[in-house]
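Chain and residue survey
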Amino acid sequence: MRELPHTHSCFVCGESNAAGLRLRFETDGRVVQTRFRPRPEHIGFKGVMHGGLIATVLDEIMVWACIVGTRKFPFCAELKVRFMSRVQPGAEVIASGELSANRKNRIFEAKAMLRSLSGASLAEATGKYLPIKAGEVSEMAADFIGDASWVLGRAAGN
């Protein structure tokens, strides 16, 4: 597994975002994953992680799965999440995602799952993603910490 780059400002992976989750993602070249322990401030209802934060984590992992699979940076056009079981603060979970289809480099489809350490399915998602224009990627890549060119290809160096 190889660690993926992260940014300064992103809510999910941003190193400098005090309100963020500060997650780190890794990949085997196909599947992207992260381990995550929700904190008490991530609750919606008492003792349950907020569904919007679960959706955010699943979206982010699908973005990275698209990047790994296509070497293009995308944004979400459609996100569907199915919640199967509550996620409790303090309980470590594993999120994983992968590219499921590349429609002529115009639309990427991805899937993701959030599981407990015992393997129980907590939530799953599918998404459709559109590639960001090359000129906009270089501006975004400036926020990365370290060299992102290995995963973004030439787009990171523009």
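Counting from 1, residues in each chain are numbered in the order their sequence is written. Two thresholds apply to this predicted model, a pLDDT of at least 70 for residue-level local features and 80 or more for giving and counting side-chain atom pairs, whereas whole-chain, interface and lining totals are computed over all residues. Heavy atoms throughout the structure, all of them, feed into the side-chain values; hydrogens and water do not.

Things to note about the nonpolar core
Counting residues in hydrophobic clusters, the biggest one holds 41 residues, and the most contacted among them are Phe25, Val32, Trp64, Phe73 and Leu114. The set of elements that each furnish at least two residues to this core consists of β4 (31–36), α1 (51–70), β6 (93–103), β7 (107–116), β8 (121–131), α2 (134–141) and α3 (149–152). Top contributing element to this core by residue count: α1, with 12 residues. Setting aside residues up to four positions removed in sequence, Phe73 forms contacts with Val63, Ile67, Leu130, Pro131, Ile132, Val137, Met140, Phe144 and Leu152. Remark: nonpolar core denotes a set of buried residues (Ala, Val, Leu, Ile, Met, Phe, Trp, Tyr, Cys) joined through side-chain atoms within 4.5 Å. Residue exposure (1.4 Å probe, protein chains only): buried if accessible area is under 20% of the type maximum, exposed if over 50%, otherwise partly exposed. By definition, any uninterrupted DSSP run of H or I lasting at least four residues is a helix, any uninterrupted run of E lasting at least two residues is a strand, and each is numbered from the N terminus. Residue contacts follow a heavy-atom distance rule, with two residues in contact if any of their heavy atoms lie within 4.5 Å.

So, the pairing of β4
Looking at chain direction, strand β3 (residues 26–27) and β4 are connected through 2 bridges and run antiparallel. If you follow Thr27 over to β4, its bridge partner there is Val32. The rule for pairing is simple: two strands pair if DSSP sees at least two bridges between them. Where β3 folds back on β4, the antiparallel hairpin that results is connected by 3 residues, among which Gly29 adopts a positive phi of roughly 100°. Where β4 lies against β6, 6 bridges are found, and the strand directions are antiparallel. Counted as the bridge partner of Phe36 is Val93 from β6.

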